[in-house]
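Structure at a glance
Chain by chain, the residues run as shown.
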Amino acid sequence: NGVKLSEVCDISMGQAPKGSSYNTDGIGYPLIAGAGDFGDTTPEPSKYTDAPTKLSAPGDVVLCIRATIGDRNWADAEYCLGRGVAGLRGQVGTLNQEYLWHWVGHASPVLRSKGRGATFLQVSKKDIASLEIPLPSLAEQKRIAGILDAADALRAKRRESIEQLDTLLQSVFLDMFGDPRLDKGGDSVPLGEIASIVMGQSPPGSSYNHKGVGLPLLNGPTEFGERFPEEVQWTDDPRKVCESGDILFCVRGATAGRLNRANKQYCIGRGVAAIRLHNPRSTSFVFSVLHSLYDLFQSRGVGSTFINISKEDLHSLRLPEP
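**Here's the deal with the sheet that holds strand 8 (residues 72-74)**
Spatial strand order, 2-10-7-8: 4 strands in an open sheet with antiparallel pairing. Because the sheet does not close on itself, it has two edges, and the strands there are strand 2 (9-13) and strand 8. Direction aside, the axes of adjacent strands within the sheet are offset by 25° on average. Here 5 bridges tie strand 2 to strand 10 (residues 85-90), and the two strands are oriented antiparallel to one another. By the bridge assignment, Ile11 is partnered in strand 10 with Leu88. Sheet strands touched by helix 2 (residues 97-112): strand 2, strand 7 (61-64), strand 8 and strand 10. Its angle to strand 8, the strand with the most contacts, is close to 165°.

**Quick notes on the side chain of Thr49**
Turning to its location among the elements, Thr49 is positioned in strand 5 (residues 48-49). Side-chain polar atoms of Thr49 contact the backbone nitrogen of Ala51, separated by 3.1 Å. When near neighbours in sequence (up to four residues on either side) are disregarded, Thr49 contacts Pro17, Ser21, Tyr22, Asn23, Ile27, Gly28, Tyr29 and Cys80.

**Notes on the sheet that holds strand 5**
Pairing within the open sheet is mixed, and its 5 strands lie in the order 3-5-4-9-6. Each edge of the open sheet carries a strand with a single partner, namely strand 3 (22-23) and strand 6 (54-55). In the sheet, strand 4 (residues 29-32) pairs with strand 9 (residues 80-81) via 2 bridges, with the strands oriented parallel. The residue bridging Ile32 from the neighbouring strand is Leu81, located in strand 9.

**What about the pattern of salt bridges?**
Evaluation of the coordinates by the stated rule reveals 9 salt bridges. Two residues, Glu132 and Lys4, come together in a salt bridge whose shortest N-O distance is 3.8 Å. Of this pair, Glu132 sits in strand 11 (residues 132-134) while Lys4 is found in strand 1 (residues 2-4), placing the two residues 128 residues apart along the sequence. Classification of Lys4 as partly exposed rests on a relative accessible area of 35%. Taking the shortest distance from any N to any O, the salt bridge between Asp237 and Arg239 comes out at 2.9 Å. Its relative accessible area of 29% is what places Asp237 among the partly exposed residues.

**Considerations on a negative patch on the surface**
Together, Asp40, Glu44, Glu160 and Glu163 make up a negatively charged patch on the protein surface. Counting through the fold element by element, Glu160 comes out in helix 4 (residues 138-177).

**Some remarks on the packing of aromatic side chains**
Within this structure, the stated rule accounts for 1 aromatic pair. Ring geometry for Trp74 versus Trp101: centroids 4.8 Å apart, planes at 15°, classification stacked. Of this pair, Trp74 sits in strand 8 while Trp101 sits in helix 2, placing them 27 residues apart in sequence. One cation-aromatic arrangement involves Arg72 over Trp101; the distance from NZ or CZ to the ring centre is 4.1 Å.

**Quick notes on the nonpolar core**
Core analysis: the biggest nonpolar cluster contains 30 residues, and Leu5, Ile11, Leu88, Leu100, Trp103, Ile128 and Ile133 have the highest contact counts within it. Where this core is concerned, the elements lending two or more residues are helix 1 (5-8), strand 2, strand 7, strand 10, helix 2, helix 3 (125-129) and strand 15 (215-218). Not counting residues up to four positions away in its chain, the partners in contact with Leu100 are Leu5, Cys9, Val61, Leu88, Arg89, Gly90, Leu95 and Ile133. In terms of nonpolar packing, the next biggest core, distinct from the first, is built from 26 residues, Ile194, Phe249, Val286 and Leu319 among them.

**Structural notes on helix 2**
Counted at 1.5 Å a residue, the expected span for helix 2 with its 16 residues is 22 Å, and the 21 Å between its end C-alpha atoms agrees. The largest bend in helix 2 comes to about 45°, at His106, with the proline Pro109 one to four residues further on. Residue Asn96 occupies the N-cap position of helix 2, its side-chain oxygen lying 3.0 Å from the main-chain nitrogen of Glu98.

Cut-offs used in this document
- Numbers given to residues run from 1 along each chain, matching the order in which its sequence is written.
- Whole-chain, interface and lining totals are the exception, using all residues; otherwise, since this is a predicted model, local features are given only for residues with pLDDT of at least 70 and side-chain atom pairs are given and counted only at 80 or more.
- Only heavy atoms go into the side-chain values, all of them from the structure, while hydrogens and water stay out.
- Only strands that DSSP links by at least two bridges are regarded as paired with each other.
- Put simply, DSSP H or I for four residues or longer makes a helix, DSSP E for two residues or longer makes a strand, and each gets a number counted from the N terminus.
- Throughout, an axis means a line fitted to C-alpha atoms (over the contacting stretch in the case of helices), and angles, computed between N-to-C directions, take values from 0 to 180 degrees.
- Residues are treated as being in contact if the distance between any of their heavy atoms lies within 4.5 Å.
- Pairs of N or O atoms are called polar contacts if they sit within 3.5 Å, as long as, within protein, a hydrogen donor faces a hydrogen acceptor (for residues adjacent in sequence, only side-chain-to-side-chain pairs).
- The rule for a salt bridge is simple: a side-chain nitrogen of Lys or Arg has to be within 4 Å of a carboxyl oxygen of Asp or Glu.
- Only protein chains enter the accessibility calculation, which uses a 1.4 Å probe; a residue is then buried when its area is under 20% of its type maximum, exposed when over 50%, and partly exposed in between.
- A residue counts toward a patch only above 30% relative accessible area and without a salt bridge, and it is joined to like-charged neighbours within 9 Å or, for Val, Leu, Ile, Met, Phe, Trp and Tyr, to nonpolar neighbours within 5 Å.
- All accessible areas in this document rest on Shrake-Rupley with a 1.4 Å probe, and a residue is counted as covered only by the protein chains that are shown.
- Lys and Arg are tallied as positive, Asp and Glu as negative. Neither His nor the chain termini are counted.
- For charged residues, the charge sits on one atom: NZ in Lys, CZ in Arg, CG in Asp, CD in Glu.
- Classification of ring pairs rests on two measures: the distance between centres of Phe, Tyr or Trp rings, Trp counted by its six-membered ring, which must be within 6.5 Å, and the angle between planes, read as stacked under 30 degrees, edge-to-face over 60 and tilted in between.
- Only when the NZ atom of a Lys or the CZ atom of an Arg is both within 6 Å of the ring centre and within 35 degrees of the ring normal do we say a charge sits over the ring.
- Side-chain atoms within 4.5 Å link the members of a nonpolar core, which is a set of buried Ala, Val, Leu, Ile, Met, Phe, Trp, Tyr and Cys residues.
- For a helix, the expected span equals 1.5 Å multiplied by the number of residues minus one.
- Fitting one axis to the seven residues ending at a residue and another to the seven starting there, the bend at that residue is the angle between the two axes.

That's the geometry; what it means functionally is another story.
Put into structure tokens, the structure is as follows:
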């Protein structure tokens, strides 16, 4: 049986400090404004504030509540929580913090489906508080968390192996074709001349469901799998649709430039673009070129809060001609 999260967990919604209090000199508290300040498991903020508003405590689960809703990090120190995040702390003796961490990861698709907003989706304290969390005994929570910790360790090792293989593949590609970043003309061609680019558009939040009704929804890299997307939620009111074989390109946030391949039709949200080659046989080649340019996308994106790559950026990107 589940209980409302607010019954067993303290929820602290972030609040942005005054902009005049920001600094990069390490004065005051490190600031977590949103998922852009998240690391793999613990925050990697770039700014500090000497006028903190809301503070986390070491051991809190820091939850992203805007744009990339559901992303999470562990607070390994005191942090100032900006308006893009919330701090979660299970009640001692009732909710194990490691169990809470794993449950938040499991519940993130449900939380994302509650997102609202014209510019970018966000959720409220009420949305978080209303989530239902299964609450077995404390001993059982610890046992479950231990099993999932072990599974996470195995996944981390697998990711490390895949990253090493990606590095090897990128090296082989550069040896064979050269560095596309150095190719300013000659046999290069704008991506817009060899492909159609469909920018995603988020459907109404009221159309989201977890029952498989409609098309699977891709809001961003959270649904990107190792090769193909993972089906987490669906929408019966898709606005922009990708086709099987399209290259899926993340255009927003800390993971702008991440790639995946569509193996069927998906509804693509505003965090994703679909790149469809005029000559499908060139798809794997272009995928490899884009993969090798990840660092470029991270540096070129425009946006004061997070990286944002436009359709024009993709259209004008020059690639070696397939």
